[in-house]
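Summary of the model geometry
If you want the building blocks of each chain, they are given just below.
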Number of protein chains: 2
Amino acid sequence: MVHGVAICMARDACLRRYSPGMNRYQLLADALGRRIEQGLYRPGERLPSVRALAQEHGVSLATVQQAYRLLEDRGLVEPRPKSGYFVRLERRAIELPRVTRPARWPVEVSGWEPVRELMTSTPDSVRVQLGRGLPDTEAPTLAPLLAGMARLARRPGNAGLSYDSIQGVAALREQVARLQLDAGCVLTADDIVITSGAHEALAIALRATCQEGDIVAVDSPTFHGVMQTLKGQGLKALEIPTDPRTGISLPALELALEQWPVRAIQLTPSCNNPLGYCMPEANKRQLVALARKHDLAVIEDDVYGDLLYSYPRGRALKAFDEDDRVVLCSSFSKTLAPGLRVGWVAPGRYAERILHLKYIGTGCTAPQPQLAIAEFIAAGHYTVHVRRMRAQYQRNRDLMSAWVQRYFPAGTRVSQPQGSFLLWVELPEACDSHRLNRELLAQSVQIACGSIFSASGKYRNCLRLNYAQAQRPGIEEGVRRVGEAACRLLDEALPRSLATLA
Amino acid sequence: MVHGVAICMARDACLRRYSPGMNRYQLLADALGRRIEQGLYRPGERLPSVRALAQEHGVSLATVQQAYRLLEDRGLVEPRPKSGYFVRLERRAIELPRVTRPARWPVEVSGWEPVRELMTSTPDSVRVQLGRGLPDTEAPTLAPLLAGMARLARRPGNAGLSYDSIQGVAALREQVARLQLDAGCVLTADDIVITSGAHEALAIALRATCQEGDIVAVDSPTFHGVMQTLKGQGLKALEIPTDPRTGISLPALELALEQWPVRAIQLTPSCNNPLGYCMPEANKRQLVALARKHDLAVIEDDVYGDLLYSYPRGRALKAFDEDDRVVLCSSFSKTLAPGLRVGWVAPGRYAERILHLKYIGTGCTAPQPQLAIAEFIAAGHYTVHVRRMRAQYQRNRDLMSAWVQRYFPAGTRVSQPQGSFLLWVELPEACDSHRLNRELLAQSVQIACGSIFSASGKYRNCLRLNYAQAQRPGIEEGVRRVGEAACRLLDEALPRSLATLA
């Protein structure tokens, strides 16, 4: 209860949430919407008259009427003939983020520092880690994997101590190929190269298909690791508008491909990071056809693909690939544990170059975790574990969404992931997630700032939250702190905005 | 004894060892030298007269006299006044390889296929592996490391399963910094970035210091992994003549630096791979001064440095580095086990760029082996293990050298490594190690062909042998097969050569 009171006070403080650059009626609408959010006006209650509000805020009657019309559009209020405006009885569900509108031209990737800050944090430096892409690695269904690793370490003539073949342990490649049938991909062990996580797979796939200065089309927002890889390899990102329900906009992509000499398309079509959508299969098929038409490589990141909440998981882009142009990259970092550093790539037509790049990048991948994972899959433990995690993550998604709805400022939009364990949160425009993150770090809470998912620093008002371990003690409290800090930031934005209003 | 006879017969078959392109007197000298090697003429025994040999081979008296003088130069025969030529009583020790004479201009690196063949071989495909750089991982002094790994796997809240910080586990970085005092380097944990083996360290060091098209000066022969990295990154290799006793020729390097716009120097100055030398400290100091004068980066590969047979190990180049231009790369692959995939880099002035490249290359390094190695070093096990391995490898070097002397063709030269577990063998010119390797693979024996240690396919008559496990059953037999195959190859070269002689 003490918490509850604290929240109410914090929310009260950001009652007057305004944003610079907005019109007066918008500012007024936001202020009213905020009061409704906070329960100052209950559902069904009559709202102040147009005249009263005009007097209170020193604005014209027309401005107040425009504000009410906006709130009507937002589903917060309803007019009743000859009685004025009332709070709607049934509240609209929290909205999805908007279709993104990134820059329409290729850009060089900026912003290494915030990624570095996120990636060099440790459990010692951050108590509540909501920013990184960590799965829950404490599930009991992982126990056979750990037992296997312990067994391998003690096995005489330890095969895990030697160099591996560049391509990776054959037994694991066989299991990977077998699992890919679920994603509609017909692969053999020979079609797979094991890598040090999907990170290495994506990096060598980009290097194998592109040369310095080339343009790569990406879904937007997209995984910050890929953004930094583009930066490091001197590639330009052409960010394509993306729908939080269906993924990369195919008409926008087609237009972009006609306009720019794009070399490759890189995207995460299944359980997207950070937006959580799965591209409909028809879209996947169409995207591969588009790549064929323009003779482009497609680099598919499928690390979250097996974590789709519904079963079966649906086909990968690679399943629609008729001429080996799709480079499928994945790993066990999200399904099992990232610390294993075991990923893989199905390099298609780029096999020879990718094998060379794998060799010069890291020589080979550590064999012991490969052997342990191969045994784990072969014994059926992988299927059991992933099934459990899917259910857990789905429950956690609903929990985390509810917390965001409860603690975050009104006007916050949030993704509805179909898989994985990552939530994308779009705060009101005035809220800068970098400032938010700095404030939160002082409280030992870390989020992933939205701008690291963009080549050009867009999505500053967005953030990504990890809900893999949402049911653990302290996580709700962490999310509450994020929400409160966001409210405070919006509140601070008020004085500047009031000046424009008054 | 059956083996002994077989060897004699094989050696008899290559009695007449000739090489195309050689003069008649050289061919004759080789044939005679061969007979001496094979014991047809014993030490102190009188050799055929000049006249008799001229008749036997259908050559002039002058040709025979030239041949004898050559053998005298080689220390095989001695003239006695008025009595003719005799086999020298005390045989000269086996000679060191010659100072190398690589191309004098920057070249693009060729030859991925033989490296690929070596690196994709597995224990199933090759029974006697003499080609790869594997240490002996079966020493009992490694047991505490394996026990530690098993313990870590079973520890609740397994820290090894999570993402690590990009820079690596702090506890390990501290231990690495401490160990570097032996190499004369004063480093702190903050100066170290953990990598997936030295392979990744070298690759990101080259990328951090060079751009596509740049020239990198290297010792020659040099590690094939670096050669392939130069190739993959579009860099040119400027191979510098190298002395098998003292390493890279500083006068030659200085001349090259004046002539070419070199961007960086990459070398393995301590327990060189493949030649086994240690650069004298004065040379190391002078090399760093040269790099300073020309404002170059130095990329030092020190993976074998701790395996110097004499104690203390001697200083690294990095110890002479006054302005942070030396990037020190190393790993635990040669001292402990390559399958751990734990290496590190002290990036000096290139720290920020190297951290970025580490992130985009593999994200982070697996934490579990890092934690296990940190515990292993902290408990004092590393020192004990490395001391044991140094002694073992030194004994094995003498064993392997003796086998080469026993089984290989006369005129074979061999390195005298001061550390590590790799022997460089220079066969007579006519012997092509690629053909040799193909023949040997049919017998399930693999060697490393010399040309993979050159940018331009030089050293075709050379090979590298691994003696880490020389005392294991089957290794001497494997080396014997290499020697026999070399003799056969030389023998096959005979008919063509005889045509020129006859």
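See the structure above.
First, a word on scope: everything that follows refers to the structure included in this document. (Residues numbered from 1 in each chain as written. Chains lettered and ligands numbered in written order. Predicted model: local features only at pLDDT ≥ 70, side-chain atom pairs only at ≥ 80, totals over all residues. Heavy atoms only, no water.)

This part takes up the sheet that holds strand 12 (residues 326-331) of chain A. All names here are of chain A. Read from one edge to the other, the open sheet built from eight strands follows the order 3-7-6-10-11-12-13-5, with strand pairing classed as mixed. Where the open sheet ends on each side, the last strands, each with one partner, are strand 3 (107-108) and strand 5 (193-195). Across three bridges, the pairing between strand 5 and strand 13 (residues 343-346) is antiparallel. Residue V193 lies in a different strand from strand 13, and its bridge partner there is V345. Strands in contact with helix 8 (residues 197-209) are strand 5, strand 6 (215-219), strand 10 (262-267), strand 11 (297-301), strand 12 and strand 13; relative to strand 12, the strand with the most contacts, it is inclined by about 160°. (Pairing = 2+ DSSP bridges. Helix = DSSP H or I, 4+ residues; strand = E, 2+ residues; numbered from the N terminus. Contact = heavy atoms within 4.5 Å. Axes fitted to C-alpha atoms, helices over the stretch in contact; angles between N-to-C directions.)

Excluding glycine, residues mostly have negative phi values, and the peptide bonds linking residues are mostly trans. A cis amide bond, omega 15°, links N273 of chain A with the succeeding residue P274 of chain A. When you line up the elements, P274 of chain A lands in the loop between strand 10 and helix 11 (281-293). A cis amide bond links Y311 of chain B with the next residue in sequence, P312 of chain B, at an omega value of -5°. Counting through the fold element by element, P312 of chain B comes out in the loop between strand 11 (297-301) and strand 12 (326-331). Positive phi, close to 65°, is recorded for K82 of chain A, a residue that is not glycine. Here K82 of chain A is to be found in the loop between strand 1 (77-80) and strand 2 (84-87). Taking relative accessible area as the criterion, K82 of chain A reaches 91% and is therefore assigned exposed. For D324 of chain B, which is not glycine, the phi torsion reads 60° and is therefore positive. Mapped onto the elements of the fold, D324 of chain B is located in the loop between strand 11 and strand 12. (Buried < 20%, exposed > 50% of the residue type's maximum accessible area, 1.4 Å probe, protein only.)

A few words now on the relation of the copies chain B and chain A. Expressed as a screw operation, the relation of chain B to chain A combines 0.0 Å of axial shift with a rotation of 180°, fitting to an RMSD of 0.1 Å. The superposition of one copy onto the other is thereby described by a two-fold rotation axis. For chain B, the residue whose C-alpha comes nearest the rotation axis is A150 of chain B, separated from it by 1.9 Å. Most of the interface of chain B is mirrored in chain A: 100% of its interface residues are interface residues there too. (Least-squares fit on C-alpha atoms with pLDDT ≥ 70 in both.)

Time to look at the sheet that holds strand 18 (residues 462-466) of chain B. Residue and element names in this part refer to chain B. An order of 14-15-18-17 is seen for the four strands of this open sheet, with the pairing classed as antiparallel. Strands with a single pairing partner mark the edges of an open sheet, and in this sheet they are strand 14 (413-414) and strand 17 (448-449). For strand 15 (residues 422-426) and strand 18, the ladder comprises five bridges, and the chain directions are antiparallel. Bridging across to strand 18, V425 finds its partner in L463.

What follows concerns the packing of helix 7 (residues 170-179) of chain A against helix 13 (residues 367-378) of chain A. For any two helices packed against each other, the geometry is given by the interaxial angle and the distance between the axes. All names here are of chain A. Contact geometry of helix 7 with helix 13 gives a least axis separation of 8 Å together with a crossing angle of 45°. Comparing the axis directions of helix 7 and helix 13 gives the class oblique. In this structure, helix 7 meets helix 13 at a crossing whose hand is left-handed. In this structure, helix 7 contributes A171, L172, Q175, R178 and L179 to the contact, and helix 13 contributes Q370, I373, A374, I377 and A378. (Parallel < 35°, antiparallel > 145°, perpendicular 65-115°, else oblique. Left-handed = near helix turned anticlockwise from the far one by under 90°.)

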